[in-house]
Amino acid sequence: SRDAQAMGGHPLDGLTDFEGHKVTPLPILGRPATVIDFWASWCVPCRQGFRYLDQMYRTWSGRGLDVIAISVDDDPNAARRFWASMRAKFPVAWDVGGEVRERFGVSQLPTTVLLDGQGLLVQRTTGFDVADHRYLEEQVRRLVEQAAG
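Residues numbered from 1 in each chain as written. Predicted model: local features only at pLDDT ≥ 70, side-chain atom pairs only at ≥ 80, totals over all residues. Heavy atoms only, no water.

> Run through the state of the cysteines, naming residues and quoting values.
What the rule picks out here adds up to one disulfide. Shown here is the disulfide that connects Cys 43 with Cys 46, its sulfur atoms set 2.2 Å apart. Since a negative S-S torsion denotes a left-handed disulfide, the Cys 43-Cys 46 link at about 85 degrees is right-handed. Look at Cys 43 and you get buried, because its relative accessible area is 5%. (Disulfide = S-S within 2.5 Å. Buried < 20%, exposed > 50% of the residue type's maximum accessible area, 1.4 Å probe, protein only.)

Set out below in C-alpha cells:
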C-alpha cells in the first residue's frame, strides 16, 4: 500500500513465525506479483479462500508469484492448527502485534491484497467470493506474463 511505503521501511516488517521468531519479509519489489492474505483461524470464509489461494500459488509460484498469508490470531496455536489442517504450500506468518494489519488498514477478514513489482496496489478484496478470486488470478496472470515479456 502506498502508505506503507511513505512510512519508509518494508510494509511487511514486524511479522514472525508462530513461535515468535522474526520472519524475513518477501522481496515484493522486482517480483512480478505478490499476494498478501490476512486471515484468522476462526474465520470461516478464510478457509475457502485458503483453498483457492493454494491452488493459485501452486499454478503461478514457479513463474514469479509470491504469496504470504498473515494470521491475525491472538493464539498462535489456533493459527498453527488451522494452517496445518489446510495443508497449504504457501508461506504463512503471524502479525503478533497487529502492526502489519494496521499498516494495510485491515478491518475485515479475509482481506487479500495484490501488489505489483513496484509495490503498488493492483487489487484489494475483503471476504471471500469466487468471482473476486477469479479476477485476482487474472490479474496475477497478467502481471506474471508482463514480467516474462
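Once the structure has been displayed, the description carries forward.
> Outline the pattern of salt bridges, supporting the account with residue identities and numerical values.
Inspection of every chain in the model, using the stated rule, returns four salt bridges. Asp 66 is the partner of Arg 31 in a salt bridge, and the nearest nitrogen-oxygen pair spans 2.9 Å. Placement of Arg 31 in the loop between helix 1 (2-6) and strand 1 (33-39) and of Asp 66 in strand 2 (residues 65-71) is noted, with a sequence separation of 35 residues between them. According to the relative accessible area criterion, Asp 66 is buried, its value standing at 13%. (Salt bridge = Lys/Arg side-chain N within 4 Å of Asp/Glu carboxyl O. Helix = DSSP H or I, 4+ residues; strand = E, 2+ residues; numbered from the N terminus.)

> Please give an account of the packing of aromatic side chains that cites residues and values.
For any pair of aromatic rings, the description consists of the separation of the ring centres together with the inter-plane angle of the planes. Following the criterion strictly, the structure yields seven aromatic pairs and no others. Aromatic pair Phe 38 and Phe 104: ring centres 5.6 Å apart, planes at 50 degrees, arrangement tilted. Within this pair, whereas Phe 38 is found in strand 1, its partner Phe 104 is found in the loop between helix 4 (99-103) and strand 4 (111-116), the two being separated by 66 residues in sequence. Classification of Phe 104 by relative accessible area gives buried; the value is 3%. Seen in terms of ring centroids, Phe 50 and Phe 90 are 5.2 Å apart; in terms of plane orientation they differ by 65 degrees. Their pairing is edge-to-face. Note that Phe 50 is positioned in helix 2 (residues 44-60) and Phe 90 in the loop between helix 3 (76-86) and strand 3 (92-94), a separation of 40 residues in sequence. Here Phe 50 matches Phe 90 in class, with each residue buried. Pairwise contacts between aromatic rings join Trp 39, Phe 50, Tyr 57, Phe 82 and Phe 90 into one cluster. (Phe/Tyr/Trp six-rings, centres within 6.5 Å; stacked < 30°, edge-to-face > 60°.)

> Could you give an account of the nonpolar core, naming the residues involved and the relevant values?
Leu 12, Val 35, Ile 36, Phe 38, Trp 39 and Phe 90 are the most contacted members of the largest nonpolar core, which totals 44 residues. Broken down by secondary-structure element, the contributors of at least two residues to this core are strand 1, helix 2, strand 2, helix 3, strand 3, strand 4 and helix 5 (130-148). Looking at this core element by element, the count peaks at six residues for helix 2. (Core = buried A, V, L, I, M, F, W, Y, C linked by side-chain atoms within 4.5 Å.)

> Explain helix 5 to me, and be specific about the residues and the numbers.
With 19 residues, helix 5 extends 27 Å from end C-alpha to end C-alpha; this agrees with the ideal 27 Å at 1.5 Å per step. Listed as buried for helix 5 are His 133, Leu 136, Gln 139, Val 140, Leu 143 and Val 144. Taken down its axis, helix 5 places every buried residue within 130 degrees of arc, on the same side. Opposite the packed face of helix 5, turned more than 90 degrees from it, sit the exposed residues Arg 134, Gln 146 and Ala 148. On its buried face, helix 5 sits against strand 1, helix 2, strand 2, strand 4 and strand 5 (121-126). For helix 5, the N-terminal cap is Asp 129; the gap from its side-chain oxygen to the backbone nitrogen of Ala 131 is 3.0 Å. One or two positions beyond helix 5, positive phi appears at Gly 149, with a value near 75 degrees. (Expected span 1.5 Å × (residues − 1). Arc of directions from axis to C-beta. Contact = heavy atoms within 4.5 Å. Polar contact = N/O pair within 3.5 Å; in protein donor to acceptor, adjacent residues only side chain to side chain.)

On their own, these measurements won't tell you what the molecule is for.
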